[in-house]
Amino acid sequence: MDTQEEEVQVEAVSESISVTWLLIYTGLALLVVNQVYSLTHFWRMGIKGPCPLPLLGNFLAMGKGMIPAYDKWSKKYGKYYGISFGKTPALVISDADMVRQIFIKEFPSFQRRSLQSFSMPYMADTIIEASGEVWKRGRSYMSPTFSGSKMKQMVPAMNSKCDILMEILDEKNKEGKSFDSKEVFGSYVLDIVACCAYGLESDCQRDPDDVFLHHTKKLINMDLKNIGFILRILFPFLSPLLNKFRVFDMVPKENLDFFANCVRKAIELRTESGGTGKKDFLQLMMDAAETGDDSVNDGPKKKIPLTQAELIGQSLLFFFAGYETVSSTMAFASYAIAKYPDVQKRLQEEVDELTSEGNL
């Protein structure tokens, strides 16, 4: 009797192990099928592109930066090609006419920049990450702040920072030594962002130890090998969870929180005092949120104030979108006009003509 019971137990254990292995093999098979199906997305559509790796996609090929990789692939595969961020397919387009059609004529079908979420803390509801009605609402509050009349209100603050830049460039010229124009222009842009975005006074151009400059340098040097970035590439569904618990951030937590706290304190102080009278980006956003300014949309206006978290996110977006783009453009432009004196002369003549007529 005991022998029979032992045999029954052995058979039950054996069947249990068999079922377990069957489930494991089935799970692995489904994972492989899912990976193959995802990674052959563009191949099945007849679109060329670099061969992606399982789980990683084309991530390793971007080890030296995304721009060099895109440039290499554009030369090899043409004006449009398919790549993969992890298992998520992405179509890269460098044809100007096609880009114009997507961003203008077909814009209602392409509201989001990406279906892959690399969202950082504070950025989930910004216009660069949100979609649908959330995106539409955020854009409706941001667009009026960039009208010509409201931008002109910031010109005096920009001019004061530009005067400092002119003094520094004059000093560099008298020294007769080469210098890093990107660093000089970057400090100039930071002073403008601090003043026009957050209503803060910084001295990044004159003080190399300015706290605003210190945190910016730490913040913008994002490493593509960062564990937080890799996790969001391989497992995009983890992004909201990682952001919520602030683990494996893509950028240093201390530096990101510095800018968020600057905005948060400014909002609290302005709310308590009823405003500062400053016409910076933050105040314009707060005014739009308070008055329910939804002037870019058709139909009746609906007053749905922006939350503090949304104000912080949109203000941080202003910093991320403005710093690197403007400073790089200024650096490239200065290099170009220095390399081509004839173009520099024509440019100077045009500027002199416009300023002499009082048009600026």
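Residues numbered from 1 in each chain as written. Predicted model: local features only at pLDDT ≥ 70, side-chain atom pairs only at ≥ 80, totals over all residues. Heavy atoms only, no water.

Caption draft 1: Local environment of the overall build of the protein. Counting its regular elements, the protein contains 15 helices and two strands. In the protein, buried positions account for 34% of the 360 residues. Taking contacts inside the protein between residues at least 6 apart in sequence as the whole, the part at least 24 apart equals 63%. In the form shown here, the protein has an accessible surface area of approximately 22,500 Å², with 60% of it arising from carbon and sulfur atoms. (Helix = DSSP H or I, 4+ residues; strand = E, 2+ residues; numbered from the N terminus. Buried < 20%, exposed > 50% of the residue type's maximum accessible area, 1.4 Å probe, protein only. Contact = heavy atoms within 4.5 Å. Areas by Shrake-Rupley, 256 points an atom, 1.4 Å probe, with all protein chains shown as cover.)

Caption draft 2: Structural detail: the layout of surface pockets. Roughly 460 Å³ of volume is contained in the second largest pocket. Together, 14 residues line the second largest pocket, and Leu169, Phe185, Ser334, Ile337 and Leu347 are the ones closest to its centre. Those elements giving two or more residues to the lining of the second largest pocket turn out to be helix H7 (155–175), helix H8 (181–198), helix H14 (308–339) and helix H15 (341–356). Top contributing element to the lining of the second largest pocket by residue count: H14, with five residues. Counted by class, the lining of the second largest pocket contains ten nonpolar, four polar and no charged residues. (1 Å grid on protein atoms, 1.4 Å probe; cavity = no way out; pocket = protein on both sides within 12 Å on 5 of 7 lines; lining within 4 Å. Points joined across faces, edges and corners; volume = space filled by probe spheres on them. Nonpolar A, V, L, I, M, F, W, Y, C, P; charged D, E, K, R; others polar.)

Caption draft 3: A look at the side chain of Gln314. Turning to its location among the elements, Gln314 is positioned in helix H14. For Gln314, a relative accessible area of 1% puts it in the buried group. Beyond its immediate sequence surroundings of up to four residues, Gln314 is in contact with Asp125, Thr126, Ile127, Gly138, Met142, Phe281 and Met285.

Caption draft 4: Expanded view of the nonpolar core. Ranked by internal contacts, the top residues of the largest apolar core, which has 58 residues, are Ile83, Tyr198, Phe212, Phe259, Leu316 and Phe319. Examining the composition of this core, we find that eleven residues originate from one element, H8, more than from any other. Every residue in contact with Ile83, bar those within four places of it in the chain, is listed here: Phe42, Pro50, Asn58, Met62, Tyr70, Trp73, Thr88, Pro89, Ala90 and Val92. (Core = buried A, V, L, I, M, F, W, Y, C linked by side-chain atoms within 4.5 Å.)

Caption draft 5: How the structure looks around the confidence of the model for the protein. Mean pLDDT over the protein works out to 80, with 85% of the residues at or above the 70 mark. Per-element confidence in the protein is highest for H7, whose mean pLDDT is 92, and lowest for helix H1 (residues 2–39), whose mean pLDDT is 69. The low-confidence segment residues 294–300 (pLDDT under 50) makes nine contacts with residues lying over four places distant or belonging to another chain. (pLDDT = per-residue confidence, 0-100.)

Caption draft 6: Looking closely at the pairing of strand S1 (residues 80–85). Within S1, five of the six residues are buried, which leaves the element mostly enclosed by the surrounding structure. Taken together, the six bridges between S1 and strand S2 (residues 88–93) define a ladder with antiparallel strand orientation. Directly across from Tyr81, in S2, lies its bridge partner Val92. Here S1 folds back onto S2, and the loop between the two strands holds two residues, one of which, Gly86, carries a positive phi near 70 degrees. (Pairing = 2+ DSSP bridges.)

Caption draft 7: Representation of a nonpolar patch on the surface. Together, Trp21, Ile24, Tyr25, Leu28 and Leu31 make up a nonpolar patch on the protein surface, roughly 520 Å² of accessible area in all. By the secondary structure assignment, Trp21 is in helix H1. (Patch = residues over 30% accessible without salt bridge, like charges linked within 9 Å, V, L, I, M, F, W, Y side chains within 5 Å. Salt bridge = Lys/Arg side-chain N within 4 Å of Asp/Glu carboxyl O.)

Caption draft 8: Summary view of the pattern of salt bridges. A complete count under the given rule lists ten salt bridges for this structure. The salt bridge involving Arg100 is made with Asp97; its shortest N-O contact spans 2.9 Å. With Arg100 and Asp97 both in helix H4 (residues 96–105), this residue pair falls three residues apart, about one helical turn. Here the residues in one salt-bridge network are Glu167, Glu171 and Arg206, joined through shared partners.

Caption draft 9: Representation of the packing of aromatic side chains in the model. All told, the structure shown has nine aromatic pairs when counted by the stated rule. Judged by centre distance (6.2 Å) and plane angle (55 degrees), the ring pair of Tyr70 and Trp73 falls under tilted. Here Trp73 and Tyr70 lie together in helix H3 (residues 66–77), a separation of three residues that amounts to about one turn. Clustering of aromatic rings is evident, with ring pairs tying together Phe212, Phe258, Phe259, Phe319 and Tyr323. Cation over ring: Arg44 sits above Tyr37, and NZ or CZ is 3.9 Å from the ring centre. (Phe/Tyr/Trp six-rings, centres within 6.5 Å; stacked < 30°, edge-to-face > 60°. Lys NZ or Arg CZ within 6 Å of the ring centre and 35° of its normal.)

Caption draft 10: Here's a closer look at the packing of H8 against H14. Put simply, H8 and H14 touch, their axes get as near as 8 Å, and they point 145 degrees apart. The two elements H8 and H14 meet at a crossing, and its hand is right-handed. The residue makeup of the contact of H8 with H14, split by class, is 14 nonpolar, seven polar and two charged. (Axes fitted to C-alpha atoms, helices over the stretch in contact; angles between N-to-C directions. Left-handed = near helix turned anticlockwise from the far one by under 90°.)

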